[in-house]
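Summary of structural features
So you can see what is in the structure, the chains are spelled out below.
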Amino acid sequence: MRRYPSLVMLMLACSVAVTACKPAPQAMPVDPEPAAPATTAAAATPAPVPARNECPYPEFDAFLKHFGNEITLQEKATADPLLDSYIDAEAEPEPRKVESRLALADVEWPVMPDPAALAGQGRELQVNTLADGQRQVQIRTPDSSDQQTYTFAQVPCWTLVKREDESI
């Protein structure tokens, strides 16, 4: 190697230069907890169910007053799906009851008229308590077939679970 000292020095200089040009190894950022996909997290964590004492209107009379005139409460306190029925007056050979499960997205709001406005419309309201604690609200026009029944269950807050239109 004595014969080519300049070549050895050149090669040594090049290797040092190449090594010096390499970027220093960088530590990869570490995420302490990998986030779960949004769909998995939402599906795995059910919405908390309020206790009866956390319901905005635990007493049915107060609930009904607000339910009748607050569409936002109707949207929150209507079962999904809502059991829905009506009389098909044009069915043959005679009218028949049609029942379905109506998705909340398909419900037309307001789902029930405001009880405070019924008297001015010549309509009547009657509330009945069923043996299982449910409440049925019947709204009707006297001397006509115009009659609707709304059934509410306390699960744990009052919720509209069934709507029946018996009008012909």
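As shown above, the structure is provided for reference.
Below: a short report on this structure. Just so you know, these numbers come straight off a predicted model, no measurement behind them.

Here the focus is the state of the cysteines. The final tally for this structure, using the stated rule, is one disulfide. One disulfide bridge connects Cys55 with Cys157, the sulfur atoms lying 1.9 Å from each other. Measuring the twist about the S-S bond at about -90°, one finds the Cys55-Cys157 disulfide to be left-handed. Of this pair, Cys55 sits in the loop between helix H2 (38-44) and helix H3 (60-69) while Cys157 sits in the loop between strand E5 (147-154) and strand E6 (158-165), placing them 102 residues apart in sequence.

A separate point is the nonpolar core. By size, the foremost hydrophobic cluster in this structure holds 18 residues, and its most contacted members are Phe63, Phe67, Met112 and Phe152. Those elements that provide at least two residues to this core are H3, strand E4 (135-140), E5 and E6. For this core, the leading source of residues is H3, giving four residues. Ignoring anything within four residues of it in the chain, the contact list for Phe67 reads Leu73, Gln74, Ala77, Thr78, Val111, Met112, Phe152 and Leu160.

Of the volumes computed, that of the largest pocket is approximately 180 Å³. Taken together, 14 residues line the largest pocket, and the ones lying closest to its centre are Pro56, Lys76, Ala77, Cys157 and Trp158. Contributions of two or more residues to the lining of the largest pocket are made by helix H4 (71-76) and E6.

With that out of the way, let us pick up the environment of Glu75. Here Glu75 lies in helix H4. For Glu75, a relative accessible area of 38% translates into the label partly exposed. A sequence separation of 35 residues divides Glu75 from Pro110, and the C-alpha atoms of the two residues are 8.7 Å apart. If we skip the residues at most four places from it in the chain, Glu75 touches Leu104 and Trp109.

Quick look at the pattern of salt bridges now. Enumeration over the complete set of coordinates arrives at five salt bridges. Across the pair Lys97 and Glu164 runs a salt bridge whose closest N-O atoms are separated by 3.3 Å. Of this pair, Lys97 sits in strand E2 (residues 96-102) while Glu164 sits in strand E6, placing them 67 residues apart in sequence. Using a relative accessible area of 10% as the deciding quantity, one classes Glu164 as buried. With a closest N to O distance of 3.2 Å, Arg123 and Asp146 form a salt bridge. Taken together, the residues span a long stretch of sequence, with Arg123 in the loop between E2 and strand E3 (124-129) and Asp146 in the loop between E4 and E5 at a distance of 23 residues. For Asp146, a relative accessible area of 25% translates into the label partly exposed.

Right, let's get into the pairing of strand E1 (residues 78-88). Of the pairings in the sheet, the one linking E1 to E6 comprises five bridges and is parallel in character. By the bridge assignment, Asp84 is partnered in E6 with Arg163.

In this section: the side chain of Gln148. Tracing the backbone shows Gln148 in strand E5. Excluding anything up to four places from it in sequence, Gln148 contacts Arg123, Val137, Gln138, Ile139, Glu164, Asp165 and Ser167.

Cut-offs used in this document
- Think of each chain on its own: its residues are numbered from 1, step by step along the sequence as written.
- Two thresholds apply to this predicted model, a pLDDT of at least 70 for residue-level local features and 80 or more for giving and counting side-chain atom pairs, whereas whole-chain, interface and lining totals are computed over all residues.
- Heavy atoms throughout the structure, all of them, feed into the side-chain values; hydrogens and water do not.
- Only a pair of cysteine sulfur atoms within 2.5 Å counts as a disulfide in this structure description.
- Under the DSSP-based scheme used, a helix requires at least four consecutive residues in state H or I and a strand at least two consecutive residues in state E, with every element numbered from the N terminus.
- To qualify as a nonpolar core, a set must consist of buried Ala, Val, Leu, Ile, Met, Phe, Trp, Tyr and Cys residues joined through side-chain atoms within 4.5 Å.
- Type-normalised accessible area, obtained with a 1.4 Å probe on protein chains alone, sets the label of each residue: buried when under 20%, exposed when over 50%, and partly exposed for intermediate values.
- By definition in these notes, contact holds between two residues if any of their heavy atoms fall within 4.5 Å.
- Definitions used throughout: a 1 Å grid over protein atoms alone; a cavity as a set of points that fits a 1.4 Å probe which cannot get out; a pocket as an open set with protein on both sides within 12 Å along at least five of seven lines; a lining residue as one with an atom within 4 Å of a point.
- Grid points are joined across faces, edges and corners, and a volume is the space filled by probe spheres set on the points.
- Here, a salt bridge means any side-chain nitrogen of Lys or Arg that lies within 4 Å of a carboxyl oxygen of Asp or Glu.
- Two strands pair if DSSP finds at least two bridges between them.

Worth remembering: the numbers are spatial, not functional.
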